Amino acid sequence: MNQIEPAPIRKSILVNAPQERAFQVFTAGMGGWWRPEHHIAKTPFADVVVEPRTGGRWFERDKDGTECEWGKVLAWDAPRRVVLAWQLNAEWKYDPDFITELEIRFTTEGSATRVELEHRDIEKFGATSAAVRAALDSTEGWERALAVFANAAPKA
Amino acid sequence: MTYASNALAALADPTRRLIFERLAKGPQPVTALAKKLPVSRPAVSQHLKVLKDAGLVTDRAEGTRRIYHIDAAGLGALRQWLDRFWDASLDSFKAAAESDDDGA
């Protein structure tokens, strides 16, 4: 077992909407909320499609109809849970042999929905670059990054 | 927008990944790494150079030997980038789900 495994990204938010709507917006409505600067084709996407079934495709579609794969649907369990394979590698390129798992769970809490996200296997991404370092901007950023990774580091 | 490395396939290469995993157990000199691998010592050195360029490993001198070890900052920085990415993405999703628009 690889001892260098940075902890998965885990997020938990409360969405003031019913479970079915939260699930629907996340999946069928992804093109409406995905941040437009995070596209992989040369132009911003017109839509992002999550095919609503296990084994379905996950891709962006541009205004001219060109489709760029992002990954696939590993598990479709509407409206409670969806597991996607995020297959954009460290170069932000689709790689059929590169798979990280993204699990999103939707749980009713009163009239709202608890949405929990886990992005795991992230050690597969590998390295960072000078560009990432510049993007992180500050020495405090690096110190926090080191602290975050500290519990996964080997005994030196 | 990428969180990319110039050493694109640094960990995709199976031998490099094996070297990286061996170093995860603790710092080692090149000779010790090469002993346990079915590739030549120069090949191991070359792999280490790629890993070093990718910011995944660093080395220090110990007498005449060079000892390699994991550079924890490499993956830590990536993880932090991803962490911020998901914060921003989920903020955007939440706003869409809570809006009155037909978001789906």
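Residues numbered from 1 in each chain as written. Chains lettered and ligands numbered in written order. Predicted model: local features only at pLDDT ≥ 70, side-chain atom pairs only at ≥ 80, totals over all residues.

## Overview of unusual backbone geometry
All names here are of chain A.
Next up, step 1: In this chain, Ala78 is followed by Pro79 through a cis amide linkage whose omega measures -10 degrees.
Next up, step 2: As for its position among the elements, Pro79 is in the loop between β4 (67–77) and β5 (81–86).
Next up, step 3: A positive phi angle, near 70 degrees, is found at Asp121, a position not held by glycine.
Next up, step 4: When you line up the elements, Asp121 lands in the loop between β7 (112–120) and α3 (130–136). (Helix = DSSP H or I, 4+ residues; strand = E, 2+ residues; numbered from the N terminus.)

## Re the nonpolar core
Next up, step 1: Counting 25 residues, the largest nonpolar core has Ala22, Val25, Phe26 and Ile104 of chain A together with Phe93 and Ala97 of chain B as its most contacted members.
Next up, step 2: Only α1 (19–27), α2 (30–33), β2 (45–50), β3 (57–62), β5 and β6 (100–109) of chain A together with α4 (72–98) of chain B provide two or more residues apiece to this core.
Next up, step 3: With 4 residues, the single largest contributor to this core is α1 of chain A.
Next up, step 4: Sequence-distant contacts of Ile104 of chain A, defined by excluding residues within four places in its chain, comprise Phe26, Arg81, Val82, Val115 and Leu117 of chain A. (Core = buried A, V, L, I, M, F, W, Y, C linked by C-beta atoms within 7 Å. Buried ≥ 20, exposed ≤ 12 C-beta atoms within 10 Å, placed from the backbone. Contact = placed C-beta atoms within 7 Å.)

## Brief notes about the sheet that holds strand β1 (residues 28–29) of chain B
Residues and elements named next belong to chain B.
Next up, step 1: One open sheet holds the 3 strands; their spatial order is β1-β3-β2, and the pairing between them is antiparallel. A strand with exactly one partner marks an edge of an open sheet, and here the two such strands are β1 and β2 (57–62).
Next up, step 2: Relative to strand β3 (residues 65–70), β2 is paired through 6 bridges, and the arrangement is antiparallel. Across the sheet, residue Ala61 finds its bridge partner in β3, namely Arg66.
Next up, step 3: Contacting β1, β2 and β3, helix α1 (residues 14–24) runs over the sheet at an angle of about 90 degrees to β3. (Pairing = 2+ DSSP bridges. Axes fitted to C-alpha atoms, helices over the stretch in contact; angles between N-to-C directions.)

## Thoughts on the pairing of β3 of chain B
Residues and elements named next belong to chain B.
Next up, step 1: The pairing of β1 with β3 spans 2 bridges and is classified as antiparallel. Within β3, the residue paired with Pro29 across the bridge is Ile67.
Next up, step 2: Once β2 ends, the chain turns through 2 residues before running back antiparallel as β3, passing Gly63 with a positive phi of about 65 degrees.

## Notes on α1 of chain B
Residue and element names in this part refer to chain B.
Next up, step 1: Of the positions making up α1, those classed as buried are Arg16, Ile19, Phe20 and Leu23. Looking straight down α1, one finds that the buried residues subtend no more than 100 degrees of arc, so they occupy a single side.
Next up, step 2: For α1, the secondary structure elements touched by its buried residues are β1, α2 (30–35), α3 (41–53), β2 and β3.
Next up, step 3: One or two positions beyond α1, positive phi appears at Gly26, with a value near 150 degrees. (Arc of directions from axis to C-beta.)

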